[in-house]
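# An overview of the molecular structure
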Amino acid sequence: MNKKFAWTVIALLMVMVLVLSACQPAATPAAPAEPAESEAPAEPEAPAEEFVFGMLLVGPYNDKGWSQAHYEAGEYVEEKVPGTKMIYLDRVNTADRPGTTAAQLAEELVQQGAKLVIFNSDDMKDDAVEFTKNNPEIFIIHASGDTIWAEGENYQALPNMANLMGEMEYGKMMAGCDSALHTQSGSIGYLGPLINEETRRLAASAFLGARYCWENYLDKDPADLRFRVTWIGFWFNIPGFTEDPTQVANEFINSGVDVIISGIDTTEGLVEARKATSEGKKVFAIPYDFVGACEEAPDVCIGVPYFNWGPSYVRYISNAIQGKWESTFEWMPPYWQDINNVDMTPVGYVSGPAMSEDAKPLLDKFIAELAGGLNLWSGPLNYQDGSKFLAEGEVATDVEIWYLSQLLEGMEGRSE
Amino acid sequence: MNIEFRNINKSFGPVRANIDLNFSIKSGTIYGILGENGAGKSTLMKILSGFYKPDSGQILLNGKPVIIESPADAIKYGIGMLHQDPLDFPPMRIIENFIVGQKGGLIPSYKETIHEFKELQTKFGFTLDPEAYVDTLTVGERQQLEILRLLWMGANALILDEPTTGISAQQKEKLFAALRILAEQGKTIIFVSHKLEDVEILCGKVAILRKGILVGELPAPYQTDKLVEMMFGKVITLGDRNNVSQSNIVFELKNIFVEQYPMRIENVNFRLQAGEVIGLAGMEGSGQDVLLRACVGLIRPISGSVIVIGKDLTGKNYHEFMKNGVSFLPASRLEEGLVPGLTLAEHFTIAGEETKGLFIDKEYFKQKAEKMIDEYHIIGHQSSTVESLSGGNQQRAALSLLRNSLSIILLEHPTRGLDIESAIYMWGKLKERCMLGTSIFFISGDLEEILQYSDRILVFFSGHVSPPLDAVTTSLDQLGQLIGGKGWDQVFDIQENYESNAKS
Amino acid sequence: MNQMQNRSLSFLFQIGGLILAVLFVTIILVLVDAKPLDAFRLIWEGATGNSTRVASVFVVWVPLLLVTCGLLATFTAGLWNIGIEGQITVGAIFTTGVMRLFLGSSVSPVIVIILSMLAGMLGGAIWAALAGLLKTFGGVNEIFGGLGLNFIATALNIGLIFGAWSRPGIASMSGTEPFPEQFWLPTFQGFRISLWSIGFAIIGLVIIYFLLQGTHFGLRLKAVGKGIKSAFRMGIPTWQHMMLSFVICGLFAGLAGAIQVTGVYHRLIPSISSGYGFMGLMIAMLINFQAIWLAPIALFFAALNIGGIQLPIVMKLDSALTGVLQGSLVLFVLLMQGVKQRFAEKK
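Residues numbered from 1 in each chain as written. Chains lettered and ligands numbered in written order. Predicted model: local features only at pLDDT ≥ 70, side-chain atom pairs only at ≥ 80, totals over all residues.

## Description of the overall build of chain A
When helices and strands are tallied, chain A shows 14 helices and 15 strands. Buried residues in chain A amount to 52% of all 416 residues. (Helix = DSSP H or I, 4+ residues; strand = E, 2+ residues; numbered from the N terminus. Buried ≥ 20, exposed ≤ 12 C-beta atoms within 10 Å, placed from the backbone.)

## A short note on the overall build of chain C
Within chain C, the regular secondary structure consists of 14 helices and zero strands. Overall, chain C shows an N-to-C arrangement of helices and strands of α-α-α-α-α-α-α-α-α-α-α-α-α-α. The C-alpha radius of gyration computed for chain C amounts to 21 Å, which stays within 12% of the reference 20 Å derived for 347 residues, consistent with globular compactness. Viewed in the frame of its principal axes, chain C has a C-alpha envelope of about 70 × 60 × 30 Å. The buried share among the 347 residues of chain C stands at 58%. (Rg over C-alpha atoms; globule rule 2.2 N^0.38 Å.)

## Some remarks on the interface of chain C and chain B
At the junction of the two partners, chain C supplies 18 residues and chain B supplies 21 residues. Those elements giving two or more residues to the side of chain C that touches chain B turn out to be helix H8 (216–226) and helix H9 (228–233) of chain C. With six residues, the top contributor of residues to the side of chain C that touches chain B is H8(C). Split into classes, the residues belonging to the side of chain C that touches chain B amount to seven nonpolar, six polar and five charged. (Contact = placed C-beta atoms within 7 Å. Nonpolar A, V, L, I, M, F, W, Y, C, P; charged D, E, K, R; others polar.)

## Details of the sheet that holds strand S9 (residues 205–210) of chain B
Sheet strands pair via backbone hydrogen bonds, and the direction of the pair is either parallel or antiparallel. Residue and element names in this part refer to chain B. An order of S6-S7-S8-S3-S9-S10 is seen for the six strands of this open sheet, with the pairing classed as mixed. Each edge of the open sheet carries a strand with a single partner, namely strand S6 (79–82) and strand S10 (213–219). Across the sheet, the mean angle separating the axes of adjacent strands is 20 degrees when strand polarity is ignored. For S9 and S10, the ladder comprises six bridges, and the chain directions are antiparallel. (Pairing = 2+ DSSP bridges. Axes fitted to C-alpha atoms, helices over the stretch in contact; angles between N-to-C directions.)

## Regarding the sheet that holds strand S2 (residues 84–89) of chain A
Residue and element names in this part refer to chain A. Strand order in the open sheet formed by six strands is S2-S1-S3-S4-S5-S11, and the pairing between neighbours is parallel. Edge positions in the open sheet fall to S2 and strand S11 (329–332), since each of these has one partner strand only. Going across the sheet, the axis of each strand differs from the next one's by a mean of 20 degrees, ignoring polarity. Sheet topology note: the strand S3 (residues 116–119)/strand S4 (residues 139–143) ladder contains four bridges and is parallel. Each bridged residue has a counterpart across the sheet, and for Val117 the counterpart in S4 is Ile140.

## Brief notes about the pairing of S6(B)
All names here are of chain B. The alternating pattern of S6 places Ile79 and Met81 and Gly80 and Leu82 on opposite faces, both of which are buried. In terms of strand pairing, S6 meets strand S7 (residues 157–161) through four bridges, oriented parallel. Residue pairing for S7: Met81 is matched across the bridge by Ile159.

## Re the domain arrangement of chain C
Parsing chain C into structural domains produces domain 1 (1–34 + 325–347) and domain 2 (63–284). Centre-to-centre, using C-alpha coordinates, domain 1 of chain C lies 31 Å away from domain 2 of chain C. (Domains from an automatic or database assignment.)

## Focus: helix H7 (residues 125–134) of chain A
Within H7(A), the full set of buried residues consists of A:Lys125, A:Asp127, A:Ala128, A:Val129, A:Phe131 and A:Thr132. Of the surrounding secondary structure, the elements contacted by the buried residues of H7(A) are helix H6 (102–111), S3, S4 and strand S5 (161–166) of chain A.

## As for the domain arrangement of chain A
Residues and elements named next belong to chain A. Looking at the assigned domains, one finds that chain A contains domain 1 (42–166 + 309–341) and domain 2 (168–306 + 346–412). Listed by partner, the interface residues are 26 residues for domain 1 and 29 residues for domain 2. Residue assignment for the side of domain 1 that touches domain 2 shows that the elements contributing at least two residues are helix H5 (66–80), helix H12 (310–321) and S11. Examining the composition of the side of domain 1 that touches domain 2, we find that four residues originate from one element, H5, more than from any other. The residue inventory of the side of domain 1 that touches domain 2, partitioned by class, reads 11 nonpolar, nine polar and six charged.

## A few points about the confidence of the model for chain A
Residues and elements named next belong to chain A. On average, residues of chain A score 86 in pLDDT, and 88% of them are at 70 or above. Within chain A, the element-level pLDDT minimum falls on helix H3 (residues 30–33), averaging 36, and the maximum on S3, averaging 96. In this model, residues 13–47 is a region of pLDDT below 50 whose contacts with residues beyond four sequence positions or in other chains number 49 contacts. (pLDDT = per-residue confidence, 0-100.)

## Examining the packing of helix H7 (residues 195–214) of chain C against helix H10 (residues 238–265) of chain C
All names here are of chain C. Contact geometry of H7 with H10 gives a least axis separation of 11 Å together with a crossing angle of 170 degrees. As the angle between them shows, H7 and H10 are arranged roughly antiparallel. Judged by residue contacts, Ser197, Phe200 and Gly204 of H7 engage Phe252, Leu255, Ile259 and Gly263 from H10. Tallied by class, the residues present in the contact of H7 with H10 amount to four nonpolar, three polar and no charged. (Parallel < 35°, antiparallel > 145°, perpendicular 65-115°, else oblique.)

## Side note on the arrangement of the chains
No other pair among the two pairs of chains in contact exceeds the contact count of chains A and C. Contact between chain A and chain B is absent, and the minimum C-alpha spacing across the pair is 11 Å.

## Side note on the environment of C:Leu115
Within the secondary structure, C:Leu115 sits in helix H5 (residues 109–136). Residues C:Leu115 and C:Lys35 lie 80 residues apart in sequence; the distance between their C-alpha atoms is 50 Å.

## Thoughts on unusual backbone geometry
Cis rather than trans, the peptide bond between A:Gly379 and A:Pro380 has omega equal to 0 degrees. Locating A:Pro380 in the fold gives a position in the loop between helix H13 (359–371) and strand S13 (381–382). Following B:Ala220, the chain continues into B:Pro221 via a peptide bond in cis, with omega recorded as -10 degrees. You can see B:Pro221 is positioned in the loop between S10 and helix H8 (224–232). Here A:Arg91, not a glycine, exhibits a phi torsion of approximately 50 degrees, which is positive. In this fold, A:Arg91 is placed in the loop between S2 and H6. Residue B:Asn7 is not a glycine yet carries a positive backbone phi of 50 degrees. Within the fold, B:Asn7 resides in strand S1 (residues 3–12).

## Quick notes on the environment of A:Ile261
Residues and elements named next belong to chain A. Examined against the element boundaries, Ile261 turns out to sit in strand S8 (residues 259–262). Judged by the 32 C-beta atoms lying within 10 Å of it, Ile261 is buried. Placed 71 residues apart in sequence, Ile261 and Tyr190 show a C-alpha to C-alpha distance of 4.8 Å. Excluding residues within four positions of it along the chain, Ile261 makes contact with Ala175, Gly176, Ser179, Ile188, Tyr190, Leu191, Ala206 and Ile286.

Right, here's the structure in full:
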């Protein structure tokens, strides 16, 4: 009997090993993608003039979202700044890398020779700060952080850290406008990640953009516009830990939503929209973060607001190399002359193949209005619970927007 | 078929199971192989039937040397082995089981096979129902089926390994009759046993093995003393009943009604006196085991009460019974009695009555184990795991683990599978305890054992329990009939007598 | 002599298993076009290259060791405590809960840490006892009960992180608000590892070793594990012993969870158990439930975990590869045990 039991265990393990090795192919593409890497593993004793910068990506480097945008920005830096070399570690979160912390992993990048480390998630804030304090000789860029923003709520003076964030609020407003121009049912779903100030203000921006275009370009009653936010709990799906974005997207579709705006780093919204469309419904989606995100399902993608970290990373890394490092907080609006200029803009918006002919000029008009100074963060605006946010004629300050404490009146969904 | 063994040797690690065995068996005879447990009988038979390969030596069949590679090979040569526990396919009907053994690739003809089966079994006076399911059969019936199947497959020589264990007296008679018929037909019968009386009445010639060596061959008629001496190397006399019963009641069953599907036992009333030995006789599965377990709290009676030394323990669990001096030694030693994987010393540590601190005094229990090993003649070491011991030694170990001051010991088949020496030893130890006032309740399939050691006997027949019979006035025949369900009218008479005796 | 022979034979077969596991991983590496030698060298350096890395190995070693200590108690009683992950998680939840009670109070941080760690042990024990109750009174096999309880513990943990214990205005996977520094287990200057937690691990190991090898309780537990019916007949209260083994395991698992909170993450995070429970099950099988081998093997596994981080950084390989190595190690060693058994039988 004992023996039989042992064999059962072995069989179980066999399955486990198979499952584990099944995870393997996911990493396989990396090897051929960079054959040079495995030929000559990075050694700390690299040529003196080589400047190695490390990057900690919260999601997979090829997620067609937030992390890929950072990863490609790193490649952009390697191309534009001679003598630089990127090393990175992706899926830096406690669910994917149990038992580790981002600070510990950053140390490993430094061990591999990194002189500058980019933390790419707001969720790494505690670790980024801890690491910055413990490694004064290393430069740190914490993307989306606010630690060194003197006006901010979490201010700490850390001379070797910089905070960068694109003013995605504009991108989200364009996405909101775009979705209002495409919805037939008047019902828009916002696939939210976790809940914090950043995600609230981005969801609210999308809502403001949608309402503006709905009211001003389509001449419809704002009361007829439904804007629903559902949070899955993290920037991407972690089975067992977050809600499944695929399910959330389906719930949206089944309850009449016909445009899904994604606030998460992955493309489930797009995929489900295409599935529904192929089943006869007409559902559009707007992904997020990454300029190439539409590729996943071009036929239902009407546009994507994206980050373009490359130019700002080039700026900071060049400065670091040249000894001109500045510990600054930057919240960077689009390059209004051409919001899709790769070498200039931090934030952009590209129309997707599914964008309708009628909507195109209206969206361009909206972008032009924004470039011309249209500020949707102006009163009268109320919070979701009906309390007053901005009075008539009042305009929100950066701090009020950054730390937006509630969703806005007219939006459905949890505020915290 | 003539079978000849030439210089057979077989070792298992350091143990030499067969040493230079040389003898031959003529066709048409019933040849006995006698020896105590571990003498090498089973090993030799497993070599003959292809389960083991000899380390050296030859087997000759009808004068031709053969190499028997596997059991399937053996049956090709016409050698069929009947195991202690017949190997068959329980969820099948008899006839299906029978067809499975058939050679040839043709679709079996069901009707024809049934016909042939019936014809074959009437030759031997068997009355198996070919449509019955194998798992409903008794051990004896399975044996009959197995014999028929082996013959059907073309066996010319039959090896029977301890075939009389666990079968009734009538079944034994039938078996012996069938074996005699087969021998007359010219088949070779090899009868492996440690039971002297079986060998004496059945076998024309007998080989006696001891510790792997052929001690000698003897033709019938036999002198029992001589056989025993050859088996054990010394003369042992069977222990006797010693009638030590004292008159105070230590245990009482009142209107007990127990049910363990499909067995139902109703209305049992019984009183056990200190120092008394009670045998529970009956075919296996007649309810003895159910009642015994009800007596120790392993099965909860539906109604009635169980009283131990004046204390009503009905519905209490086994541990409560243990605390009150009741102990139970089950038949399946390694499942219910001893813990496989633990050493003898560890067993004594757990079972010991010593007051225990947090830490184990390993030295003390080692010594205690050595002492008990010595006292109970256990062949093994204090660091031996119990499963490495032979059956007889396991039973001795189980016995040695019983606490000293027990008022009742309940045993299931205390000597099953033991050689005579161990069995006698076992009873000697039990009787010692009886002298000290311990009462014994035991189940046995061996009616002679029951008659020999019991003061009183309870007979079971499909859930019916007889009133106690006095062992002295009960004969083997009578008991054999009772367990077969015959002659119960007389028992009811006896009951009346018993009651009137009790009143007077 | 014979026993020694047998032992060295066993050892040989185990080495054989190790070699097979390494071969297996090598084949995978070759298949994904990576250089196996570089990979193994990287793992080795990643675990031992400098003192920070060694300290990180010990950060993993401590909870892993504690969890496996607990599992030895349940394995000894013949129980597959799959619910170990949940027990770690609930331990962490209890620790966090108690610590939150004292946020901003004037109670000495030392007392707060002690209380919260005790609470963690209690939490683990309660969760383990639930699995035990389900088994003894509900007739639910501990494997299924444990799996269910794991799910509930995870859900509870995430519910708290996103709900009642979320950071103000934030519901994030990054966990609850970190505790102030005085509530952290004190660490070596500049390292992540705390001497205290290493101390707990060693004490735990010593306790479990003597409990299982030297006490009457341990022996009875072993008897229950090896033959529950016989153990009952020998007078051992079997279900009580099984319950106790669950509780002991839960205490250890809870302590591991408490150390994850007070010594490693300083807050509650969704994957607070870090998979150490399942890894502990693997280690327990690998060491054939012998406490004596626990410390080195757990250290080996911890080193693989930490060293494996280098693979994605330097070679762009998935660090799950070290998981494959760990899994295949257990697999092949067990396989070789089976082969050895057959080998012995043939003889």
